[in-house]
Amino acid sequence: MSFEEVKNTVKKIYEQVKSENLEERDNLINILHAIQEHYGNYIPLEAAEVLKELTGRSLSEIYEVLTFYTMFSTDKRGKYIIRVCKSLPCHVTGGAAVLKSLKDVLGIDYGQTTEDGLFTLEESSCLGLCGVSPVMLINDEAYGNLTPEKVRKIIEEIKEKERSGVK
């Protein structure tokens, strides 16, 4: 993808989000969310350059937001982002076995994406779902009371859905 393509796409997204009349301070985060959604779970670095011009913000301010919030990534990621809670409640309720099962079934480690581009595995601090630990988040959907067997079933169901083309 060329810089010109990114520039045109980011401009369109910027205008769309700006037209929603949100608070000025909220615009950057909302624009970044929209850009990430457009590009499939990541934000090309070129987009920061374009946003610098469009918003008048410094490049360092844009990078601060991009790198502070774990929901944003400048690296290509899978269609499904799996965030595994690494907090103590999840650990003591079987989190290590759940994580091992996830790594085995996906064939990847933290920070990696499966060869088919479907899954990226990330660690997360507390997801706030301690009552149903161990827990993981796949995109925006939480899964609790996990076991190694449940994890394998969830991943297989997603793979099957992808194979069948169901959305």
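Residues numbered from 1 in each chain as written. Predicted model: local features only at pLDDT ≥ 70, side-chain atom pairs only at ≥ 80, totals over all residues. Heavy atoms only, no water.

Visitor: I'd like to hear about the overall build of the chain, residue by residue, with values.
Guide: Within the chain one finds six helices and four strands. The secondary structure elements of the chain, listed N-terminal to C-terminal, are α-α-α-α-β-α-β-β-β-α. Dimensions of the chain, computed from the C-alpha atoms along their principal axes, are close to 50 × 35 × 25 Å. For the chain, the residues scored as buried account for 39% of the 167 residues in total. Once local pairs closer than 6 in sequence are excluded, the contacts in the chain between residues at least 24 apart make up 61%. Counting only carbon and sulfur atoms, one obtains 50% of the accessible surface of the chain, whose full area is about 9,700 Å². (Helix = DSSP H or I, 4+ residues; strand = E, 2+ residues; numbered from the N terminus. Buried < 20%, exposed > 50% of the residue type's maximum accessible area, 1.4 Å probe, protein only. Contact = heavy atoms within 4.5 Å. Areas by Shrake-Rupley, 256 points an atom, 1.4 Å probe, with all protein chains shown as cover.)

Visitor: Hey, could you go over the sheet that holds strand 4 (residues 141-143) for me, with residue numbers and the actual values?
Guide: Read from one edge to the other, the open sheet built from four strands follows the order 2-1-3-4, with strand pairing classed as mixed. Looking at which strands have only one partner, the edges of the open sheet turn out to be strand 2 (119-124) and strand 4. Direction aside, neighbouring strands of the sheet carry axes that sit 25 degrees apart on average. Both strand 1 (residues 80-85) and strand 3 (residues 136-138) contribute to a ladder of three bridges, which runs antiparallel. Its bridge partner being in strand 3, Val84 is matched across the sheet by Met136. (Pairing = 2+ DSSP bridges. Axes fitted to C-alpha atoms, helices over the stretch in contact; angles between N-to-C directions.)

Visitor: Lay out the pairing of strand 1 in plain terms, naming residues and giving numbers.
Guide: Buried residues dominate strand 1, accounting for six of its six residues. Along strand 1, one buried face is formed by Tyr80, Ile82 and Val84 and the opposite face, lined by Ile81, Arg83 and Cys85, is buried too. Here six bridges tie strand 1 to strand 2, and the two strands are oriented parallel to one another. Across the sheet, residue Arg83 finds its bridge partner in strand 2, namely Glu122.

Visitor: Help me get a handle on the packing of aromatic side chains, residues and values and all.
Guide: Summed over all chains, the structure comprises four aromatic pairs. Ring geometry for Tyr69 against Phe72: centres 6.3 Å apart, planes inclined by 90 degrees, an arrangement best described as edge-to-face. Residue Tyr69 is classed as partly exposed on the basis of its relative accessible area of 29%. Taking relative accessible area as the criterion, Phe72 reaches 5% and is therefore assigned buried. Three or more aromatic residues joined by ring pairs form one cluster here, namely Phe68, Tyr69 and Phe72. Here the guanidinium or amino end of Lys103 rests over the ring plane of Tyr110, the centre of that ring lying 4.9 Å away. (Phe/Tyr/Trp six-rings, centres within 6.5 Å; stacked < 30°, edge-to-face > 60°. Lys NZ or Arg CZ within 6 Å of the ring centre and 35° of its normal.)

Visitor: Any chance you could break down the environment of Val17 for me, citing the residues and the numbers?
Guide: Along the chain, Val17 falls in helix 1 (residues 3-18). Sequence spacing of Val17 and Thr67 is 50 residues, and the spatial spacing of their C-alpha atoms is 21 Å.

Visitor: Give a detailed account of helix 6 (residues 148-164), specifying residues and quantitative values.
Guide: Under the 1.5 Å per step criterion, the end-to-end length of helix 6 is 25 Å for 17 residues, consistent within 8% with the ideal 24 Å. Turning to helix 6, its buried residues are Val151, Ile154, Ile155, Ile158 and Lys159. Projected onto a plane normal to the axis of helix 6, the buried residues spread over an arc of 130 degrees and lie on a single side. Turned more than 90 degrees away from the buried face of helix 6, the exposed residues are Glu149, Lys153 and Arg163. (Expected span 1.5 Å × (residues − 1). Arc of directions from axis to C-beta.)

Visitor: Please set out the pairing of strand 2 residue by residue, giving values where relevant.
Guide: Of all six residues in strand 2, five are buried; the element is thus mostly enclosed. Read from strand 1 through helix 5 (residues 88-106) to strand 2, the crossover connection turns out right-handed. (Right-handed = clockwise from strand over helix to strand, strands pointing away.)

Visitor: Explain the side chain of Thr120 to me, and be specific about the residues and the numbers.
Guide: Among the structural elements, Thr120 can be located in strand 2. A relative accessible area of 3% places Thr120 in the buried class. Among the polar contacts made by the side chain of Thr120, one reaches the side chain of Thr113 at a distance of 2.7 Å. (Polar contact = N/O pair within 3.5 Å; in protein donor to acceptor, adjacent residues only side chain to side chain.)

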